[in-house]
Amino acid sequence: MNKNSNIYQIVYASVMVLVVGVALAFIYMALKPKQDVNIANDKRSQILASLHIVAPSEGELPATYEKYVTRDLLVDREGNIVDSTRNVAFEVDMKKNIKLAEADRQLPVLECTLDDGSKKYVIPVRGAGLWGPIWGFVAVDADGSTIYGANFSHEGETPGLGARITEDEFQQQFAGKQVFKEGAFKSVSVMKKGQVPSNGSDHVDAISGATITSRGVGAMMQTCIAPYEPFLKKLSGATANPS
Amino acid sequence: MLSKKNKEALFNPLSKDNPVLVQILGICSTLAVTASLKPAIVMGIAVIAVLAFSNVIISLIRTTIPTTIRIIVQLVVVAALVIIVQQFLVAYTYDVSKQLSVFIGLIITNCILMGRLEAFALNNRPWPAFLDGIGNGLGYTAILVIVAFFRELLGSGTLLGCHVIPQWCYDHGYENNGLMILPPMALITVACIIWVHRARNKELQELN
């Protein structure tokens with residue numbers, strides 16, 4: 001057979017694409033359930049990481065999550081709780097949520113109770129890094145202002161540079177920072193080492209060599225936490241005068 | 001199993017015919033993933049696997065491939081393999097897949113793959129092609145690890161994430177060299193390795 005005839009080439013290419021396409025679709029379908037479980041568990045471990053909790057083993061992760069994350073909340077822009085069905089906040093797809101117009105976005109909060117009985121509120125954040133999306137979870141104390149912990153993840157930031165936002169060294173800087181300064185919302189800024197933000201907000205050191213990813217983290221903290229301002233204010237009011 | 005020719009296919013790429021140092025292939029990923037040691041090692045393992053299997057598959061179907069569309073066929077095989085590897089990683093070893101994220105895509109564009117498929121797999125039987133894939137993958141990994149070793153050590157003062165430069169060095173004014181983290185230093189490091197390599201292997205030096 002003439003291997004360079006047009007017919008042979010077209011048939012060869014079509015058969016090849018069909019075989020590869022079917023094989024990939026089959027593999028995708030077969031592995032999808034397992035992948036979904038992994039992805040959900042990964043989200044749970046990220047939420048727990050923002051509370052400085054590590055599940056004892058992968059198998060115990062769902063149980064650990066159930067133990068500490070005690071209530072799912074959806075809040076509105078006035079800071080009122082509109083929904084507290086189990087897992088309603090966990091299941092908010094931030095990827096889709098962040099694409100909506102700002103007024104249409106859902107505002108999920110995870111209420112967590114630690115071993116010592118103190119309550120923490122975990123807020124999911126999502127933004128853009130240099131190459132792709134970055135996201136994370138920020139745990140806020142019951143006073144509505146002090147950050148208890150933060151955990152960040154990314155899809156494709158440069159290894160050794162932007163990807164270092166996932167490292168403890170960077171994340172630990174956020175603990176103890178305030179998102180309110182004298183009653184006004186001022187998100188934590190990410191600044192080049194040695195520089196101080198002009199608006200007087202708390203700040204952490206950026207990663208050298210990863211300016212755009214670091215800026216992305218700062219912007220993400222600002223835009224994603226700002227809508228929660230009324231909710232956080234209510235929290236601080238509730239702890240200041242217990243009624 | 002290991003005739004003289006097969007041995008050459010397996011061991012030549014480690015030094016005399018190294019894909020990075022001599023064939024100058026796969027430079028882009030050498031720059032991208034060598035800022036620290038761990039991703040370099042993981043990337044090396046992934047390339048060895050994909051290179052070996054795509055070599056075998058292309059070698060198996062080499063008599064049926066129409067020469068005019070052979071590049072497309074090779075690309076489809078490589079891309080399909082990479083996607084399959086990625087899907088399995090996500091399903092079974094999620095942590096590893098998170099670390100690999102971008103590198104998986106980089107494997108498809110790695111010139112070593114197309115280079116070896118064109119130069120070797122198309123004209124050889126599956127077993128030698130498999131050995132050639134393993135050999136070239138190892139040769140590539142070796143360079144990646146050497147470059148990453150120096151970049152991580154001098155740039156961050158760590159190896160595999162552990163601090164190796166003692167604190168008293170910093171106390172006495174030692175600073176990590178931030179320049180080592182940036183891609184240009186990977187090129188310079190590779191160039192230094194090529195320099196040493198050619199100095200030791202006189203027959204590789206170009207005469208003009």
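Only a predicted model underlies this, so the values are computations on that prediction, with no experimental measurement involved.

**Some words on the packing of helix H7 (residues 126-156) of chain B against helix H9 (residues 183-200) of chain B**
All names here are of chain B.
Right, on to step 1. One can describe the packing of H7 onto H9 by two numbers: an axis separation of 10 Å at closest approach and a directional angle of 125°. What the angle tells us is that H7 and H9 run oblique. When you trace H7 past H9, the crossing you get is right-handed. Contacts between H7 and H9 involve Ile-146, Val-147, Phe-150 and Arg-151 from the first element and Pro-183, Ala-186, Thr-189, Val-190 and Ile-193 from the second.
Right, on to step 2. Among the residues making up the contact of H7 with H9, the classes are represented as 7 nonpolar, 1 polar and 1 charged.

**Brief notes about the confidence of the model for chain B**
Right, on to step 1. Mean pLDDT over chain B: 86, with 97% of residues reaching 70 or higher.
Right, on to step 2. Ranking the helices and strands of chain B by mean pLDDT puts H7(B) first, with 91, and helix H5 (residues 94-108) of chain B last, with 75.

**Overview of the pairing of strand E6 (residues 147-154) of chain A**
All names here are of chain A.
Right, on to step 1. Counting buried residues along E6, 7 of its 8 residues qualify, which places the element largely inside the surrounding structure.
Right, on to step 2. Bridge count between strand E5 (residues 133-141) and E6: 7 bridges; the pairing is antiparallel. Counted as the bridge partner of Ile-134 is His-154 from E6.
Right, on to step 3. Between E5 and E6, which pair antiparallel one after the other, the connecting turn spans 5 residues, and Gly-144 there sits at a positive phi close to 75°.

**Comments concerning the side chain of A:Lys120**
All names here are of chain A.
Right, on to step 1. Among the secondary structure elements, Lys-120 is positioned in strand E4 (residues 119-128).
Right, on to step 2. Residue class for Lys-120 comes out buried when judged on its relative accessible area of 8%.
Right, on to step 3. Side chain to side chain, Lys-120 and Asp-141 meet in a polar contact 2.5 Å long.
Right, on to step 4. Those residues in contact with Lys-120 that lie beyond four places of it in its chain are Leu-51, Leu-110, Glu-111, Cys-112, Leu-114, Val-140, Asp-141 and Tyr-148.

**Remarks on the layout of surface pockets**
Right, on to step 1. Size it by volume and the second largest pocket reaches roughly 290 Å³.
Right, on to step 2. Taken together, 14 residues form the lining of the second largest pocket, with A:Met16, A:Val19, A:Val20, B:Ile57 and B:Val77 sitting closest to its centre.
Right, on to step 3. Mapped by element, the contributors of at least two residues to the lining of the second largest pocket are helix H1 (6-50) of chain A together with helix H4 (70-92) of chain B.
Right, on to step 4. The leading source of residues in the lining of the second largest pocket is H1(A), at 7 residues.
Right, on to step 5. For the lining of the second largest pocket, a count of residues per class yields 14 nonpolar, no polar and no charged.

**Examining the interface of chain A and chain B**
Right, on to step 1. The partner chain B presents 30 residues to the 24 residues of chain A that form the contact.
Right, on to step 2. Summing both sides of the interface, chain A and chain B together bury roughly 2300 Å²; the carbon and sulfur share of this comes to 67%.
Right, on to step 3. Contact with chain B buries area across many residues of chain A, yet A:Tyr12, A:Met16 and A:Pro159 alone supply 21% of it, more than any other trio.
Right, on to step 4. At the boundary of chain A with chain B, the tally comes to 0 salt bridges.
Right, on to step 5. Of the residues that constitute the side of chain A that touches chain B, the class distribution is 12 nonpolar, 8 polar and 4 charged.

Parameters at a glance
Residues numbered from 1 in each chain as written. Chains lettered and ligands numbered in written order. Predicted model: local features only at pLDDT ≥ 70, side-chain atom pairs only at ≥ 80, totals over all residues. Heavy atoms only, no water. Axes fitted to C-alpha atoms, helices over the stretch in contact; angles between N-to-C directions. Helix = DSSP H or I, 4+ residues; strand = E, 2+ residues; numbered from the N terminus. Parallel < 35°, antiparallel > 145°, perpendicular 65-115°, else oblique. Left-handed = near helix turned anticlockwise from the far one by under 90°. Contact = heavy atoms within 4.5 Å. Nonpolar A, V, L, I, M, F, W, Y, C, P; charged D, E, K, R; others polar. pLDDT = per-residue confidence, 0-100. Buried < 20%, exposed > 50% of the residue type's maximum accessible area, 1.4 Å probe, protein only. Pairing = 2+ DSSP bridges. Polar contact = N/O pair within 3.5 Å; in protein donor to acceptor, adjacent residues only side chain to side chain. 1 Å grid on protein atoms, 1.4 Å probe; cavity = no way out; pocket = protein on both sides within 12 Å on 5 of 7 lines; lining within 4 Å. Points joined across faces, edges and corners; volume = space filled by probe spheres on them. Buried area = accessible area lost by both parts, 1.4 Å probe. Salt bridge = Lys/Arg side-chain N within 4 Å of Asp/Glu carboxyl O.

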